[in-house]
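Fold and geometry: a report
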Amino acid sequence: TTAAAGAAGAGVPLQHLQHVPCQQVPTQRAFASEAATIVQQANLPTRNNGEEALSSADLVAAFGRLADVAEEHQILFESLLDTSEGSVFLTHAIAATGNLTPEDTRQLVITFAKQQHMPFAFWEDGFAAAVQKAVTELPDIQVVHIALLLSTFDLVIPVELLQEIADQMEIRSSSMSPTALAGAMMALSQLGPWPSFVSSGVAEELVGVASELTPRELSASALAAATLGVDNPTFWHRIHGELSQRANELAPRHVADALLTVATNGLLPISLLESLQDRLPNVVTLMSPDAALTAVWSLAALRMFPTKQVPRLLEQVLPPDVSPENLDFTQEEARQLKQVALSLELDSSAKRARESLGSALQQRLDAVTRGQHLGSETVTADDEIGEEICSILMEVAPRALFQVHETVADMYVVDLSIKQGDQRSALILDAVSPADAEAPRDPWTTLKLRHLALLGWKVRWLPVQKWSLEMLDEESRKEFVKDFAEPVVQK
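Model, not experiment: these values are computed from the prediction.

Overview of the nonpolar core
In terms of nonpolar packing, the biggest core is built from 141 residues, with Phe 63 and Phe 127 touching the most fellow members. Ranked by size, the runner-up nonpolar core spans 20 residues in total, among them Ile 392, Leu 462, Met 471 and Phe 480.

Observations regarding the pattern of salt bridges
Within this structure, the stated rule accounts for 18 salt bridges. With its nearest N and O atoms 3.1 Å apart, the salt bridge here joins Glu 137 to Lys 133. Take Glu 137: its relative accessible area is 48%, and that puts it in the partly exposed class. Here Lys 133 falls in the partly exposed class, since its relative accessible area comes to 46%. One salt bridge in this structure joins Arg 253 and Asp 290, with 2.9 Å as the shortest N-O distance. With Arg 253 in helix α14 (residues 252–265) and Asp 290 in helix α16 (residues 289–301), the pair connects residues that are 37 residues apart, well separated along the chain.

Notes on the packing of aromatic side chains
Two aromatic rings are characterised by how far apart their centres lie and by the angle between their planes. Tallied over the entire structure, the rule returns 11 aromatic pairs. Summarising the aromatic geometry, the rings of Phe 112 and Phe 127 are spaced 5.8 Å apart at their centres and angled 90 degrees between planes, so their arrangement reads as edge-to-face. Remark: Phe 127 occurs in helix α7 (residues 120–134) and Phe 112 occurs in helix α6 (residues 102–115); sequence separation between them is 15 residues. Each member of the pair, Phe 112 together with Phe 127, is buried.

Observations concerning the confidence of the model for the protein
Summing up the model confidence of the protein, the mean pLDDT is 88 and the portion of residues at 70 or higher is 89%. Scored below 50 in pLDDT, residues 1–28 shows 29 contacts in the model against residues more than four places distant or in partner chains.

Comments concerning the sheet that holds strand β2 (residues 412–420)
Taken together, the four strands give an open sheet; going across it, the order is β1-β2-β3-β4, and neighbouring strands pair in mixed fashion. Every other strand in the sheet has two partners, leaving β1 (402–408) and β4 (458–463) as the edge strands with one partner each. The average undirected angle you get between the axes of adjacent strands in this sheet is 35 degrees. In terms of strand pairing, strand β3 (residues 423–430) meets β4 through six bridges, oriented parallel. Bridging across to β4, Asp 430 finds its partner in Pro 463. Across the sheet, helix α21 (residues 383–396) touches β1, β2, β3 and β4, and the angle it forms with β1 is around 130 degrees.

What counts, and at which threshold
- Residues numbered from 1 in each chain as written.
- Predicted model: local features only at pLDDT ≥ 70, side-chain atom pairs only at ≥ 80, totals over all residues.
- Heavy atoms only, no water.
- Core = buried A, V, L, I, M, F, W, Y, C linked by side-chain atoms within 4.5 Å.
- Buried < 20%, exposed > 50% of the residue type's maximum accessible area, 1.4 Å probe, protein only.
- Salt bridge = Lys/Arg side-chain N within 4 Å of Asp/Glu carboxyl O.
- Helix = DSSP H or I, 4+ residues; strand = E, 2+ residues; numbered from the N terminus.
- Phe/Tyr/Trp six-rings, centres within 6.5 Å; stacked < 30°, edge-to-face > 60°.
- pLDDT = per-residue confidence, 0-100.
- Contact = heavy atoms within 4.5 Å.
- Pairing = 2+ DSSP bridges.
- Axes fitted to C-alpha atoms, helices over the stretch in contact; angles between N-to-C directions.

Here's what the structure looks like:
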């Protein structure tokens, strides 16, 4: 599988890899030669100096032919664009982005999404502007569709385009269908993070049509709203109520999303949680591994460890007929699973669930969470804020022994730690939660703070927006840092 993935990334048709020993895999030069031959079948248009730019229709047709050729020969779309002929075409295509109609722009976004590749230069040098123009003219559902597709690319989306999308969602919210409103909420959540919630209009309209949403739309838009940080009590009362009332209609994935919603917004609606716990036994054995992991991770964040269901969920994640070394987790999934394992190990409320796992399941869990190097989490907080806090710390507590970005439990990054004897203080900077948040807005950070405390740390949590927007004067910042350091330094 690794050899096939690597070769596919270099542009080799996958069928050429079957039964070929590693030493016979073609060289990079052979890959390029093959791509150069295949790209000719797309009949890409060319332009001489002085000729008119490609028309909108020509541009869409050419990219379409290129995609068809890539699929026919099972070669990566970008490999064809990397050839000399593809590069020349891309230059002409960039020059023609100003000619694109809104509908043709939409068609190109769909083509690129199907190929899972957006040509970087094409995006940067004209297509992003064409998309920004298109979203002001296309029908509601098509604007939502474009926004959802854009969120699937690994792109730097210009601030102007992001703001235009958010504005269009707000302006159009009163005329959107229930499906479009759900899609708009999902698109906004996937295009974020945003400095603050960006479309109260979508949330307000969604409440009015909650009963018309499908179970998938209801659960997905609820999770999107939680991710975006919607904090309107009326919104959540209505959405939680609708989810609770329709809990028996929720499919396995929907149950997992509903649990993650509650773990994210931190509101703990009793009726909904009871309904989801009642529904869980009926769907747990039907859950895919990723849905089961989402569910058990969310339950851990909520400090809910149903004795019968935790083992069943973990059996879905770690099936007994697959050896731990053959389980294919992303790094994010492996870290989530480790958070579940740490909760079972450290949290006193998880004692009965831990004891109910059985030795075989416990061994598989240990093999995955302890037998692999998961790497530490990515540092997302603002370096300038961290440096400023360190500078203030050296001023207000010059004897403090501190460390930046210390790794704990082979996974967690402590942005700033102070140690003296057996006393340990950890400062966790939160780049996601808003300035006025009273608790983290994501299960990962919720569990991180809890686990560090259970491991003996005195934990201080700080949303970076609070530092930037509220602690504006030097005195309040010094007071915060002094308060953080004092319990350890005084000891």
